[in-house]
Structure formats: C-alpha cells, structure tokens
Amino acid sequence: MLTGILAEEIARRGPISFHEFQHTALYHPEHGYYRRERDPFGARGDFYTAEQLQPVFGLLMARTVERLHERMPARFEVVELGAGREEMRSYFERWSYQAIESGRGQLPAEIHGLVFGNEFLDALPVHLVRKKGGHFHEVSVAGYEGKFQYVEGPCVKGKLAEYLAKHGQHAPDGGLVEAHLDAVQWLDRLSAAVKQGFVLFIDYGFTERERVRFPQGTLMSYWRHQADEDVLCKPGERDITSHVPFTMLIDEAKERGFLVERYESLAQLLLDAGEPDQFANVLESQNEQEAARRRGQLKTLLYGMGETFRVLLLSRGV
Ligand SMILES: C[S@@+](CC[C@H](N)C(=O)[O-])C[C@H]1O[C@@H](n2cnc3c(N)ncnc32)[C@H](O)[C@@H]1O
C-alpha cells in the first residue's frame, strides 16, 4: 500500500529525501509500520527488545529508577518516550508514569524526574548523506520501474550542513553517513522540559572512534527476525533502524547543559542494579519453570543484549 503512495509522491514531486521516505514508511498515520494494527514486537512480530524480557528487565530498571528517585525525593515522575506496548508501565507505575508514542501523548511542558527511552532513538528517521571529496551530498529516494533506489543530490545546506560540519568530519570519504537531526530536536525538547532530573537512553550505537566499523552507514531493516540491508524494500512492512551516534548525542547534550553521568554497556547498568542482593529479587519464584525462564532472561540481558546495547544517563539540576 505504502509502495504505491510513495511512488505516486515521487512521480509528482521528484526524488524525496531518505528522511521523508523513512518517516512515511514507519509513521504514515494509516499504513506506517508503527501505526498499523499488526504488532511488530515479540516472537510473532519482527524483533525483540529488552522490554519484552519481563519481569527481569522491568524489575532491574525499577531498581535503577529507585536509586535515581532517592537523589531527588520531593517530586519525581517518569515519562517514557516511544513506549511501544507499554511493557514498562507496571514497573514504573508507582511513580507518576506517562507513556508517549508516535501519535499518542505529548511531552509535558515541565518534567521533574526521569525521561526514559529504550530503543527510541534508533527508530527516529534520519537524513542520509554521502561524503565525496570532503563534501556531503544528500541521498534521496527515486522510483524506477516499481523499485526504489538512491540518487545523490547537490551539496547539503542549512541545518543538515551545520550538523555534518560538527559531527561528520570523521566519516570516511566515499561512505554513507546518517544525520540524526530528529534526535537533536528531541534533545532541544527535553532541554526545555526537564527542569530537574534525568534522561536515560538505552540503545545500540557507536562512538566516533567506532565509526570506522560502519563505512556504509548503519541502516538496517527487520522483518520476522531477519535483518536486511535493503531498507527501501516493502516500505511499511518492515522496521527501518539506524545505530545511535553516542558521541554526537553526548556533545549536543552537554551543549544544552546536561551532565553526562554514565555512558556504559547495558550489562554494567543491570549488574549495578542486581548486585546488592545477587539478583535474588528478580530470580525468585515459587515455580521452578518460571525461575528457569527468569534465569534465561537475565542471561540474555547480561551476555546477549547487555554487551551490544549502551546506556546514556544525563542529569540536570540534581
Ligand atoms: C523500537 S520501538 C521500541 C519500543 C519500546 N520502547 C520497547 O523497547 O519495546 C520504538 C518506538 O518508538 C516510537 N516512536 C518513534 N518516533 C516517535 C515519536 N516521535 N514520538 C513518540 N514515539 C515515537 C515508535 O512508534 C516505537 O513504538
């Protein structure tokens, strides 16, 4: 359905930016991947997130939030960005919890407490750019005989050019780079809203030093638990994600007056949360089958996801 809509749009206006393509593919109000009836998460969907590993993930994150709450006991609320199936609700409900989803809910004007986002940033649409001879050219999407393909445009201008001058210098020549202008916009919103408290992002990503691992960018599509580098195929039916550039996020957050409290693996954060009682609380169950299930979840969180996922904890005024 979206293939037709996008092809018509391209026929009418000419090539569209990759950002517009990804935004339509994921968030078209009727046919966007995250707006359709079909549930993208879990065994019958296309991918798992840490939030599907309950109760272990929820209990350990709640313990982490308790510690943050202890540092500002007066007023403390939790806002979750990109809450998906709202799997964290029952673990965060003891604080005033607000879930924000694409097309549902709004960022409060004032926040005292925590903004939490698990795999939120990787789902934001990005601009795609090719670096050639030290110059950046925006990559757009054209349609040709029923297939979408990339076309390169002139040198970038405006906000995109400013972003790349700051954050694209280490990109390899000839390579593809994603520009995360939407993530920067979210930092602006959070900077205006968070009066006192924390921002905790969990996601897969890389630092500037690790960029060499991704000379052709990090865009990937997911369908039925299979990853595919072709992100132009079947828009609306597959997830499209990119890795989060954490160095950029850290630099931009600091510029907005946030303090970087932690940048580490998810495993480290979960180990800190579970260490005081050796994970007894999260593993405890009367039922041996359930206890074994929980041990499996902890193992996946610590040794599977825990090593690839990163945590960025920002604070302000605490
Ligand atoms: C990969 S999913 C993660 C969902 C959930 N946090 C989890 O870990 O299972 C990303 C989520 O972010 C949401 N999202 C993307 N852009 C958004 C926006 N601008 N505002 C609110 N939610 C958004 C998507 O709809 C999607 O549910």
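The paragraphs below set out a description of the structure included in this document. (Residues numbered from 1 in each chain as written. Predicted model: local features only at pLDDT ≥ 70, side-chain atom pairs only at ≥ 80, totals over all residues. Heavy atoms only, no water.)

This part takes up unusual backbone geometry. Cis geometry is found at the peptide bond from Gln54 to Pro55, where omega equals 15°. Within the fold, Pro55 resides in the loop between helix H2 (18-27) and helix H3 (56-71). A positive phi angle, near 60°, is found at Glu86, a position not held by glycine. For Glu86, the position within the fold is in the loop between strand E2 (77-81) and helix H4 (89-92). One non-glycine residue, Glu119, lies in the positive phi region at around 50°. Looking at where Glu119 falls in the secondary structure, it is placed in the loop between strand E4 (111-118) and strand E5 (127-132). Residue Glu119 is classed as buried on the basis of its relative accessible area of 13%. (Helix = DSSP H or I, 4+ residues; strand = E, 2+ residues; numbered from the N terminus. Buried < 20%, exposed > 50% of the residue type's maximum accessible area, 1.4 Å probe, protein only.)

In this section: the nonpolar core. Grouped together as the largest cluster of nonpolar side chains are 38 residues, with contacts concentrated most on Phe57, Met61, Phe76, Phe92, Leu114 and Phe116. Those elements giving two or more residues to this core turn out to be H3, H4, strand E3 (96-100), E4, strand E9 (194-206), helix H8 (266-274), helix H10 (288-308) and strand E15 (309-316). Ignoring sequence-local partners within four residues, the contact set of Met61 consists of Met88, Phe92, Phe116, Leu200, Ile202, Leu269 and Leu270. By size, the runner-up hydrophobic cluster in this structure holds 36 residues, among which are Ile100, Leu164, Val244 and Leu249. (Core = buried A, V, L, I, M, F, W, Y, C linked by side-chain atoms within 4.5 Å. Contact = heavy atoms within 4.5 Å.)

Relative to strand E12 (residues 239-241), strand E10 (residues 220-223) is paired through 3 bridges, and the arrangement is antiparallel. Pairing of Tyr222 across the sheet is with Asp239, part of E12. Where E10 lies against strand E11 (residues 226-228), 3 bridges are found, and the strand directions are antiparallel. From the neighbouring strand, Tyr222 faces E11, where its bridge partner is Ala227. Connecting the antiparallel pair E10 and E11 is a turn made up of 2 residues, with Arg224 showing a positive phi of about 45°. (Pairing = 2+ DSSP bridges.)

Strand order in this open sheet of 3 strands is E11-E10-E12, and the pairing throughout is antiparallel. Only two strands of the sheet have a single neighbouring strand rather than two, namely E11 and E12. Direction aside, neighbouring strands of the sheet carry axes that sit 30° apart on average. (Axes fitted to C-alpha atoms, helices over the stretch in contact; angles between N-to-C directions.)

Alternating positions in strand E8 (residues 176-179) separate into two faces, Leu176 and Glu178 on one and Val177 and Ala179 on the other, with burial throughout. In terms of strand pairing, E5 meets E8 through 4 bridges, oriented antiparallel. Residue pairing in the sheet places Arg130 in a bridge with Leu176 of E8.

The next subject is the site of the ligand. Lining the immediate surroundings of the ligand are 18 residues, of which Tyr27, Thr49, Gly82, Glu101 and Asn118 lie closest. A distance of 3.2 Å is found between a nitrogen atom of the ligand and a side-chain nitrogen or oxygen belonging to Glu51. At a separation of 2.7 Å, a nitrogen atom of the ligand approaches a polar backbone atom of Gly82. Coverage of the ligand by the protein amounts to 93% of the 590 Å² it exposes when considered alone. Grouping the constituent residues of the shell around the ligand by class yields 8 nonpolar, 6 polar and 4 charged. (Near = heavy atom within 4 Å. Polar contact = N/O pair within 3.5 Å; in protein donor to acceptor, adjacent residues only side chain to side chain. Areas by Shrake-Rupley, 256 points an atom, 1.4 Å probe, with all protein chains shown as cover. Nonpolar A, V, L, I, M, F, W, Y, C, P; charged D, E, K, R; others polar.)

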